[in-house]
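Inside the fold
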Amino acid sequence: DDCSWAGLFSFQDLRAVHQQLCSVSGELEPCLPSFPEEPSAVWSVLFGPPELSEDDVEELCRRLQLYLGHALDTCGWRILSQLLFTENDDPEEYYESLSELRHNGYEEVLSRARRGLHELLEKHKVTENMVDLLQLYQMEDDAYNAVVEATTELYQYLLQPFRDMRELAMLRRQQIKISIENDYLGPRRIESLKKEDA
């Protein structure tokens, strides 16, 4: 019940899919072939009673194939398949996790800083006088500091989950120590708390 077939779409359905695809890529606007004005499904026109001649059916199939190929090239398989075939959509696929987004941001800043440093290092080959070389050295210092700063930020970001876990572990150890010293516990409970602490 979850799956549908594009061949069972009416021509109006295909026009509606076309409008949605045009909102993704405007260059598809003039590409939709002209369909017969029929409320019936595609299969009934193509393989039902001969309302169209065989040549017309072949031409319609060819133009529809070209259109869908062009839609695939411009919009991608994921969008096209989800418009044509019903799927159980997982909303998680559409949202990037915040941590992944931050991680990618730190990585991008670092790669930009590295590219800038490499570009400056390449300028050494074409620099001819000492004044330009002094300016280049200053720019290299700034670029190197940017690389160090970006690397440090990424490293600190990657370390943060381990810091959080260490903090939680230290809090739990403090709770265990306080519990052992102040609560009236039996020997089994004290032993299990000591094992957890270890």
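Residues numbered from 1 in each chain as written. Predicted model: local features only at pLDDT ≥ 70, side-chain atom pairs only at ≥ 80, totals over all residues. Heavy atoms only, no water.

The name given to the protein chain in an unreviewed UniProt entry is JMY, and the organism recorded there is Staurois parvus.

**Examining the overall build of the protein chain**
Check the secondary structure of the protein chain and you find 7 helices and 0 strands. The secondary structure elements of the protein chain, listed N-terminal to C-terminal, are α-α-α-α-α-α-α. A total of 198 residues make up the protein chain; the buried ones form 20% of that total. A separation of at least 24 residues holds for 59% of the contacts in the protein chain among residues at least 6 apart in sequence. Of the accessible surface of the protein chain, which amounts to about 15,000 Å², a share of 55% is contributed by carbon and sulfur atoms. (Helix = DSSP H or I, 4+ residues; strand = E, 2+ residues; numbered from the N terminus. Buried < 20%, exposed > 50% of the residue type's maximum accessible area, 1.4 Å probe, protein only. Contact = heavy atoms within 4.5 Å. Areas by Shrake-Rupley, 256 points an atom, 1.4 Å probe, with all protein chains shown as cover.)

**Concerning a negative patch on the surface**
A cluster of acidic residues, Glu54, Asp55, Asp56 and Glu58, forms a negative patch on the protein surface. Mapped onto the elements, Asp55 comes out in helix α3 (residues 54-75). (Patch = residues over 30% accessible without salt bridge, like charges linked within 9 Å, V, L, I, M, F, W, Y side chains within 5 Å. Salt bridge = Lys/Arg side-chain N within 4 Å of Asp/Glu carboxyl O. Lys, Arg positive; Asp, Glu negative; His and termini not counted. Charge placed at Lys NZ, Arg CZ, Asp CG, Glu CD.)

**Looking at helix α4 (residues 77-84)**
Turning to α4, its buried residues number three or more, namely Leu80, Ser81 and Leu84. End-on view of α4: buried residues confined to an arc of 95 degrees, all on one side of the axis. Turning to α4, the residues buried within the fold contact α1 (11-24) and α3. (Arc of directions from axis to C-beta.)

**Let's talk about the pattern of salt bridges**
For the structure shown, the criterion picks out 7 salt bridges. When the shortest N-O distance is used, the salt bridge between Arg112 and Glu108 registers 3.6 Å. With Arg112 and Glu108 both in helix α5 (residues 98-122), this residue pair falls 4 residues apart, about one helical turn. Its relative accessible area of 47% is what places Arg112 among the partly exposed residues.

**Describing the packing of α1 against α4**
The interhelical angle for the contact between α1 and α4, taken along N-to-C directions, is 155 degrees, at an axis separation of 10 Å. Taken together, the axes of α1 and α4 are roughly antiparallel relative to one another. Regarding α1 and α4, the two cross each other, and that crossing is right-handed. For the pair formed by α1 and α4, the contact residues are Val17, Gln20, Leu21 and Val24 on the first element and Ile79, Leu80, Leu83 and Leu84 on the second. (Axes fitted to C-alpha atoms, helices over the stretch in contact; angles between N-to-C directions. Parallel < 35°, antiparallel > 145°, perpendicular 65-115°, else oblique. Left-handed = near helix turned anticlockwise from the far one by under 90°.)

**A look at the confidence of the model for the protein chain**
Per-chain confidence: the protein chain averages 80 in pLDDT, with 81% of residues scoring 70 or above. Within the protein chain, the lowest mean pLDDT, 58, falls on helix α2 (residues 42-47), and the highest, 91, falls on helix α6 (residues 130-182). (pLDDT = per-residue confidence, 0-100.)

**Here we look at a nonpolar patch on the surface**
Together, Met165, Leu168 and Leu171 make up a nonpolar patch on the protein surface, roughly 310 Å² of accessible area in all. Take Leu168: it is sitting in helix α6. Residue classification places Leu168 among the exposed residues on the basis of a relative accessible area of 51%.

**Thoughts on the environment of Arg115**
With respect to the helices and strands, Arg115 occurs in helix α5. Assessed through its relative accessible area of 43%, Arg115 is described here as partly exposed. Measuring from C-alpha to C-alpha, the distance between Arg115 and Ala143 comes to 9.4 Å, with 28 residues separating the pair along the chain.

**Regarding the side chain of His18**
Relative to the elements of secondary structure, His18 occurs in helix α1. There is a polar contact of 2.6 Å between the side chain of His18 and the side chain of Tyr67. Contact partners of His18, with chain neighbours within four places excluded, come to Leu28, Glu29, Leu32 and Tyr67. (Polar contact = N/O pair within 3.5 Å; in protein donor to acceptor, adjacent residues only side chain to side chain.)

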